[in-house]
Every structure is written in C-alpha cells, then in structure tokens.
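Survey of secondary and tertiary structure
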Amino acid sequence: EPNYLPPVIKGDADYRTYRPFTLPNGITILLVNDPQSKNFAASVSVHAGASMDPRALPGLAHFTEHMCFLGSKAYPEENEYKAYLSQHGGRSNASTSMSHTTYQFDVLADHGEKALDIFSNFFIS
C-alpha cells in the first residue's frame, strides 16, 4: 500500500493535479495530471552517478545508462522501446551526472501505458 505524501504546493495559475507518494519498496513517485496535454511523460532519477564508479571501471554509470535502453526480460528486442516511441510521436533521453542518472520519455497520451510498461521493465529485469 502506498504512503501518500503531503500535497504539492503550487501557484494559483497551476491547473495540474499532483499526487506524491512512496511505494513500499521506498521509491518516491510524483504523478502529475495535465488535462490539456496531448502527451504522457515519465522520468526516473536513480541515485547513482559518475562519482560512484569504481576506480577500476570509470564510466560504469554512463555505460549502464545506455545499457538500460537495450531491452529487458519482458521486452527483449534491442530497439523495441525506441521504435515504439518513434511510431507514436515520442522520444526518450537519459543523462548521467556526478550523483544521479536520469531517464525520461514522452509519447502521445494514448500510448503512454505501454510505453511506461516498457520503460519500467528496464529497472526490474
């Protein structure tokens, strides 16, 4: 069962709705609903960056960033994710900083659920 967090403080002109919560495994989620948007987007920031690379393996965090996009157990085809996004008006990107690696994508809203399923499987298998 998720642990719902206090509401997000927002300005009067902000028409979006927010729902922050923490999952039982400790992952914090912020859902944002923008009824005017035609896109669905998601982002994950992992607390692992270049400063955590072992001395014997410099570049490991950045290498791992790229490896995540190659597939998963549920979606083993190498370019399945990129092809799905491209076919449905989407795109993805990732970046590695000294302390974090961030992965993100957006796609036309009607195709968000499957895109999120492909994306989330990078982090579980």
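Residues numbered from 1 in each chain as written. Predicted model: local features only at pLDDT ≥ 70, side-chain atom pairs only at ≥ 80, totals over all residues. Heavy atoms only, no water.

1. Structural notes on the packing of aromatic side chains
For the structure on display, the rule yields 13 aromatic pairs. Through pairs of rings, three or more aromatic residues link up here, namely Phe-40, Phe-69, Tyr-81, Tyr-103, Phe-105, Phe-119, Phe-122 and Phe-123. It is Arg-16 that lies over the ring of Tyr-15; its NZ or CZ is 5.9 Å from the centre. (Phe/Tyr/Trp six-rings, centres within 6.5 Å; stacked < 30°, edge-to-face > 60°. Lys NZ or Arg CZ within 6 Å of the ring centre and 35° of its normal.)

2. Focus: the nonpolar core
Proteins that are soluble and globular tend to have nonpolar side chains buried together. Ranked by size, the top nonpolar core spans 15 residues in total, and within it Tyr-81, Phe-105, Phe-119 and Phe-122 carry the most contacts. At the level of elements, α2 (80–87), β6 (101–108) and α3 (112–121) are the ones that each hand at least two residues to this core. (Core = buried A, V, L, I, M, F, W, Y, C linked by side-chain atoms within 4.5 Å. Buried < 20%, exposed > 50% of the residue type's maximum accessible area, 1.4 Å probe, protein only. Helix = DSSP H or I, 4+ residues; strand = E, 2+ residues; numbered from the N terminus.)

3. Examining the sheet that holds strand β3 (residues 28–33)
Overall, antiparallel pairing links the three strands, which are arranged β1-β2-β3 in an open sheet. In this open sheet, the two strands that pair with only one neighbour each are β1 (3–4) and β3. Pairing geometry for β1 and strand β2 (residues 17–22), over two bridges, is antiparallel. Directly across from Asn-3, in β2, lies its bridge partner Thr-22. (Pairing = 2+ DSSP bridges.)

4. Observations concerning a nonpolar patch on the surface
A surface patch of nonpolar side chains, about 430 Å² in accessible area, is lined by Leu-57, Leu-60, Phe-63, Met-67 and Leu-70. With respect to the element layout, Phe-63 can be found in helix α1 (residues 60–68). (Patch = residues over 30% accessible without salt bridge, like charges linked within 9 Å, V, L, I, M, F, W, Y side chains within 5 Å. Areas by Shrake-Rupley, 256 points an atom, 1.4 Å probe, with all protein chains shown as cover. Salt bridge = Lys/Arg side-chain N within 4 Å of Asp/Glu carboxyl O.)

Read these as spatial facts, not as claims about activity.
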